[in-house]
Every structure is written in C-alpha cells, then in structure tokens.
Amino acid sequence: MSPEGNTRKTFLLGATGYIGGDALKAILDQFPEQEPNVSVLVRDEKKGEAIKAIYPNIRIVFGSLDDTEVLVGESAQADFVFNLAHADHVSATNAIIAGLRQRSAEDKTSFYVHCSGTGILLYDDMQTKTYGVASSKIYNDWDGVSEMTSYPDAAPHRNVDKLVLGAGEDTHIKTAVVCPPVIYGIGRGPVNQRSLQIPLLIENFIKRGKAFQIAEGKAYWNNVHIHDLSDLFALFFQEALSGDKKEVWGTDSYYFAENGEAPWGDISAKTAEVMHSKGLIKDTDIEKLSPQDAAKIFPHAPLVWGQNSRSSAIRGRKLLGWAPKQRSLEEELPIAVDYEVERQKSN
Ligand SMILES: NC(=O)c1ccc[n+]([C@@H]2O[C@H](COP(=O)([O-])OP(=O)(O)OC[C@H]3O[C@@H](n4cnc5c(N)ncnc54)[C@H](OP(=O)(O)O)[C@@H]3O)[C@@H](O)[C@H]2O)c1
C-alpha cells in the first residue's frame, strides 16, 4: 500500500546541518504544501527556533540521534524518512529501521533515504596506505553496485550502508543510500551552510599563509554542488510521493551523486591562484605535505585530501532524471574563498 493524500508524513534528520538544511529547502520549495507533514529532529532549542522562523508549520522533535525511543516512535509514524544527519550512526539507524518495521507489520509502506558518502571508496588506498597517487579505478552505481556492497564492514560507512540496504529486504521498506563525494557551494539551510573539505582547505591555507597538497597531489575525488545534491533528494521525495517506480528502491539502491572530478593537487593550485589574486597568500607555491604532517591539520586530512574516491553517478540520472546544473567546483572557488574570509571576520 502506498502512502496516500495529506496523511503522508516525513521525518527528516539533519535539518540544522549543511546537507539536511539544504535538502529541506529544496524539498519544501517544490512541495510547500508538505510543510505541516514534516517533522525534523533537533537537539538545540535555539536551532529549533531558527528552523521555525523559516518553516513555521514544521513540527520540531527535540532529541538526539542517541534517543532511540524518539527515533523509533517518529519513524513508526513516518511514510518517508530522510536521514541526512549522520552517515555512521549505528544505533540511530537501527532505531529508524525498528520504527519502519513496526509500520511494515501493519502493512504500511515506508520510503527511507539515507545519506552516506563516497568515503567508502577510500578503502583500497587505506589498505595500501597510498597517498597522493592517482588510481584509475572508477566505481559505478549502475552495474557495479556489487563492488560496493561486497566491501567489508571496516570500509568507511559500509556497516551502516549495509543496515539500511538490508532493511530493504522487507518489501514494505523502500530504501535508497545516497553517496555524495566532495560537496561544495554555500548551503541554504537555516543553520549550518558550510561543507567540509573545500572550506577546511581554504581555512588552513589562510592559517599557514600558503597552499599545500598531500604528497604528489594526484589522488582524485569527485565533487557535487550542494544545490544539485539537494535536487536529487527532492527527486527521491517526488518519487516517494508517487511511489510508482519500484526499481528506484531496494537492496541494491546505491546512488552516487557526482558531477565532476579533480585531483587534489589541481584543486590546491586553483585555490592558491584565487587566494593569491585576493592577496590572501604571498605566492602560489604549493607545499607538499606528508600524510603525517597533514594529519596534524586534522586527523582525516590524509584520507579526504590524499586518497582516491572516484565514482560515476549513473543510477540517479537514469532512474530519476537527475540533471546537475550548478556551477563547477572551479567556478565556485572564488565564492568559497570569500565565504571563508567573511567567516573568519565574524568569528
Ligand atoms: N559535507 C560533505 O561534504 C559530506 C559529503 C559526504 C557525506 N557527508 C556526510 O553526511 C552527513 C551530514 O553531513 P553535513 O555536512 O550535513 O554535516 P553537518 O552540517 O555537521 O550536519 C549534521 C547534522 O546532523 C545533526 N546531528 C549530528 N549528530 C547528531 C546527534 N548526535 N543528535 C542529533 N543530531 C545530530 C546535526 O545537528 P546539530 O546542528 O545539532 O549539530 C546537524 O543537523 C555526515 O555524516 C557526513 O559525514 C558529508
């Protein structure tokens, strides 16, 4: 039985975050009539007020990802669950699935979209401790899903991806795992509008007064603009509302979400040019950092700036008509640099 009419309820986790806040905007811009049917998990009263200021009809559920009872109860009432809060939270994932199984026992269909990440593809380089070297291996989400689903649990995000996709064995639980790569662009959410890898790179170029890369800088990651990613989540929402394309969901429903790629050395060089032209660093020289020195910047730096995560996003384009249209990462860099400069001024 598909969810019907105005009784369709959505439970979204991560509304105060970068991904979740932007996705919420994309969904409610397209389906404003759904606002009273949306509940969001929030753990901070002030942040709840920020959401209410924009979406007065939304229902705020106060709680954290560790509040199992809250998550089970909300998921048991929700036709659609979007977990855009945390790619790796095992107990929250189990709680959502427990709630959806309660619905299933009552013969009710649920749609469950989980935001993971292409960190899983780092596993090959993690095993060989390779940094700054290009890999020719490009994973794809169309006829190559079994490669991701056969990764061991030790691969980043895999343990939770497995729980989510496994829940899809229940025919009443329609699952999809979305794996974004580097996300760039300023978010449009009510609270956090800042991503991770690009902002942190710029922040640390400013701190050190010079640009850097890890080793030879040849490791590749894909990238996607946050607005394009949110369009993909809105397409899932639209699809769940109509509920007619069975092939969108299921135990193999693994969606990459990229729209381009670049080696980190190129990203560092282009960022350095932009920053030098704005007088933020004295030259465009690139320091080559060892993984050990990069880890002093932050522990995951060697992985997220120094190892390969190469994917080809076919499934969303084929099954949902996803068509990214935002500016490229290179075009976005001057905006990203200005954003970090302003952010530093206001901190
Ligand atoms: N940004 C990227 O480039 C990227 C790419 C791929 C995958 N991902 C993954 O996607 C997920 C979301 O990323 P993001 O960039 O949107 O992160 P973010 O801006 O930090 O947002 C995280 C969201 O989850 C909420 N949250 C986290 N822990 C919580 C807890 N224990 N209880 C209640 N709420 C909690 C946060 O609430 P508060 O506001 O209260 O903190 C916030 O709403 C992460 O797992 C990240 O690894 C991110």
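Details of the structure are given in the entry above.
Cut-off values and rules
Residues numbered from 1 in each chain as written. Predicted model: local features only at pLDDT ≥ 70, side-chain atom pairs only at ≥ 80, totals over all residues. Heavy atoms only, no water. Near = heavy atom within 4 Å. Polar contact = N/O pair within 3.5 Å; in protein donor to acceptor, adjacent residues only side chain to side chain. Areas by Shrake-Rupley, 256 points an atom, 1.4 Å probe, with all protein chains shown as cover. Nonpolar A, V, L, I, M, F, W, Y, C, P; charged D, E, K, R; others polar. Axes fitted to C-alpha atoms, helices over the stretch in contact; angles between N-to-C directions. Helix = DSSP H or I, 4+ residues; strand = E, 2+ residues; numbered from the N terminus. Parallel < 35°, antiparallel > 145°, perpendicular 65-115°, else oblique. Left-handed = near helix turned anticlockwise from the far one by under 90°. Contact = heavy atoms within 4.5 Å. Salt bridge = Lys/Arg side-chain N within 4 Å of Asp/Glu carboxyl O. Buried < 20%, exposed > 50% of the residue type's maximum accessible area, 1.4 Å probe, protein only. Disulfide = S-S within 2.5 Å. Core = buried A, V, L, I, M, F, W, Y, C linked by side-chain atoms within 4.5 Å.

Q: Which residues make up the site of the ligand, and what are the values?
A: Around the ligand lies a shell of 21 residues, among which Thr16, Arg43, Lys47, Ala87 and Asn192 are the nearest. A distance of 2.9 Å is found between an oxygen atom of the ligand and a backbone nitrogen or oxygen belonging to Ile19. The separation between an oxygen atom of the ligand and a polar side-chain atom of Lys47 is 2.7 Å. Surface burial for the ligand is 81%, taken as the share of its 900 Å² of free accessible area covered by protein chains. For the shell around the ligand, the class distribution of residues is 10 nonpolar, nine polar and two charged.

Q: Give a description of the packing of helix H1 (residues 18–30) against helix H9 (residues 226–242) that names residues and reports values.
A: For any two helices packed against each other, the geometry comes down to the angle between their axes and how far apart the axes lie. Packing of H1 against H9 leaves a shortest axis separation of 8 Å and a crossing angle of 55°. Our classification of the angle between H1 and H9 gives oblique. For the pair H1 and H9, the sense of crossing is right-handed. Note on element contacts: H9 touches H1 through Ile226, His227, Leu229, Ser230, Phe233, Ala234, Phe237 and Gln238, opposite Tyr18, Ile19, Asp22, Ala23, Ala26, Ile27 and Gln30. The residue makeup of the contact of H1 with H9, split by class, is 10 nonpolar, four polar and one charged.

Q: I'd like a description of the environment of Ile206, backed by residues and values.
A: With respect to the element layout, Ile206 can be found in helix H8 (residues 197–208). Residues Ile206 and Ser39, spaced 167 residues apart in sequence, show a C-alpha to C-alpha distance of 39 Å. With residues up to four places along the chain from it excluded, the contact list for Ile206 reads Met275, Glu340, Val341 and Gln344.

Q: Break down the pattern of salt bridges for me, citing the residues and quoting the values.
A: Summed over the entire model, instances satisfying the criterion amount to 22 salt bridges. Between Glu261 and Arg310 there is a salt bridge, with the nearest N and O atoms lying 2.6 Å from each other. Of the two residues, Glu261 is situated in strand E12 (residues 261–263) and Arg310 in the loop between helix H12 (301–304) and strand E14 (311–312); the sequence distance between them amounts to 49 residues. Judged by relative accessible area, Glu261 falls into the partly exposed class, the value being 32%.

Q: An account of the state of the cysteines is needed here, citing residue identities and associated values.
A: A covalent bond between the sulfur atoms of two cysteines is referred to as a disulfide. By the definition in use, this model includes zero disulfides. Its sulfur unpaired, Cys115 is 7.8 Å from the next cysteine sulfur, which belongs to Cys179.

Q: Could you give an account of the nonpolar core, with specific residues and numbers?
A: The nonpolar side chains of a soluble globular protein tend to be buried, and buried together. If you look at the biggest cluster of nonpolar residues, it comprises 77 residues, and the most contacted ones within it are Val40, Phe82, Phe233 and Phe236. It is H9 that contributes the most residues to this core, 10 residues altogether. If near-sequence neighbours (up to four positions away) are discounted, Phe82 is found in contact with Thr10, Phe11, Leu12, Leu13, Ile27, Val113, Phe233, Phe236 and Phe237. In this structure, Ala211, Phe212, Leu333 and Ala336 belong to the second largest nonpolar core, which totals 30 residues.

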